[in-house]
Amino acid sequence: RTPTTRSVLNLDFSNSKSLDPRVQFSRSSTATYFSDSETFICDENRFHNSSDLTSSEWNSSRHTLASGQTDPYGGTTAYSFTQEGSTNAGYFGDLSWQFHVGVFTYSIWAKAGPGGGHIRFDERQAGGKVTWFNLSTGAVGTKAAAHTAHIEDAGNGWYRCSITVNSISANTQLLWYFANGDGDNTAGANLVSGYLWGPQFTRTDYLGHYVPTTGMPRADRMPKMVEASVNIPRFDTDPYSSKSLGI
């Protein structure tokens, strides 16, 4: 038989996200929990098509690109860059100028070739700020004062190189150059300068997980950690499934 009346005491706080006022609750400290309505960007990549360096969003000068090269994870999705006849180092970068002011982190995996043992990060804004990385020793070379530089050994000759910058220009672009040495602007003619994989651009002051893009920029979000004050009940949420976990 179907009941004709409803319960007068609702204890389904897991779904209603509220506590019946007749239930007394107390807690002597604040509590943290994952919100079911607020999120934050945990990882992102503002570059278009980071998985395809031959796409129209990317620009390569004085280089010949070849796909199908062994990448840092043992696949074949990296690219080699062969310097053309001139020894004036060729460059590679995103075609779009990023119209932002603030703190950003640029990173890429790089491996030296016979024609260039260093990689240069060239932040193309007023004044031009440049930092070099040694791809043979895994060390930061000559560094722009405005850059926070980091290099991480990824194995098999690969290094993940990054700079964090505080952009003061509305027109900011980053270009990468392979070079023969620290502070140098030349590369070996008709030789493989090096290999690149996984460019990333984030609006953060730290180097996060790599987020590949196959078209538009991508941002991964997670529920935000929030606080419940003393004696205020919290209604927790699973950060991955968004399932309510109750009080």
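In case you missed it, the structure is sitting above this.
Residues numbered from 1 in each chain as written. Predicted model: local features only at pLDDT ≥ 70, side-chain atom pairs only at ≥ 80, totals over all residues. Heavy atoms only, no water.

All right, on to the nonpolar core then. Tyr 106, Ile 119, Phe 121, Cys 161, Trp 176 and Leu 196 are the most contacted members of the largest nonpolar core, which totals 24 residues. Counting only elements with at least two residues in this core, the list comes to β4 (78-83), β6 (102-112), β7 (118-124), β11 (158-167), β12 (173-179) and β13 (192-202). Filtering out sequence-adjacent residues up to four positions away, Ile 119 remains in contact with Ile 108, Ala 110, Thr 131, Trp 132, Phe 133, Leu 135, Cys 161, Trp 176, Tyr 177, Phe 178 and Leu 196. (Core = buried A, V, L, I, M, F, W, Y, C linked by side-chain atoms within 4.5 Å. Buried < 20%, exposed > 50% of the residue type's maximum accessible area, 1.4 Å probe, protein only. Helix = DSSP H or I, 4+ residues; strand = E, 2+ residues; numbered from the N terminus. Contact = heavy atoms within 4.5 Å.)

The next thing to look at is the environment of Ala 31. Inspection of the secondary structure assignment puts Ala 31 in strand β1 (residues 31-45). Under the relative-accessibility criterion, Ala 31 is labelled buried at 8%. Spatially, the C-alpha atoms of Ala 31 and Ser 229 are 6.7 Å apart, while their sequence positions differ by 198 residues. Those residues in contact with Ala 31 that lie beyond four places of it in its chain are Val 226, Glu 227, Ala 228 and Arg 234.

A positive phi is found at Arg 62, a non-glycine position, where the angle reads about 60°. In this structure Arg 62 comes out as partly exposed when scored by relative accessible area, which is 28%. The phi dihedral of Asn 156 is positive, around 55°, even though this residue is not glycine. By the element assignment, Asn 156 lies in the loop between β10 (148-155) and β11.

A few words on the sheet that holds β11. Pairing in this open sheet of 6 strands is antiparallel, and the strands run β3-β4-β13-β6-β11-β10 from one edge to the other. For this open sheet the edge positions go to β3 (63-69) and β10, each flanked by a neighbour on one side alone. Adjacent strand axes in the sheet meet at a mean angle of 30° when their direction is disregarded. Strand direction decides the pairing type here: β6 and β11, joined by 10 bridges, are antiparallel. Looking at β11, one finds that Ile 108 is bridged to Cys 161. (Pairing = 2+ DSSP bridges. Axes fitted to C-alpha atoms, helices over the stretch in contact; angles between N-to-C directions.)

Without other data, these values stay purely geometric and don't point to any function.
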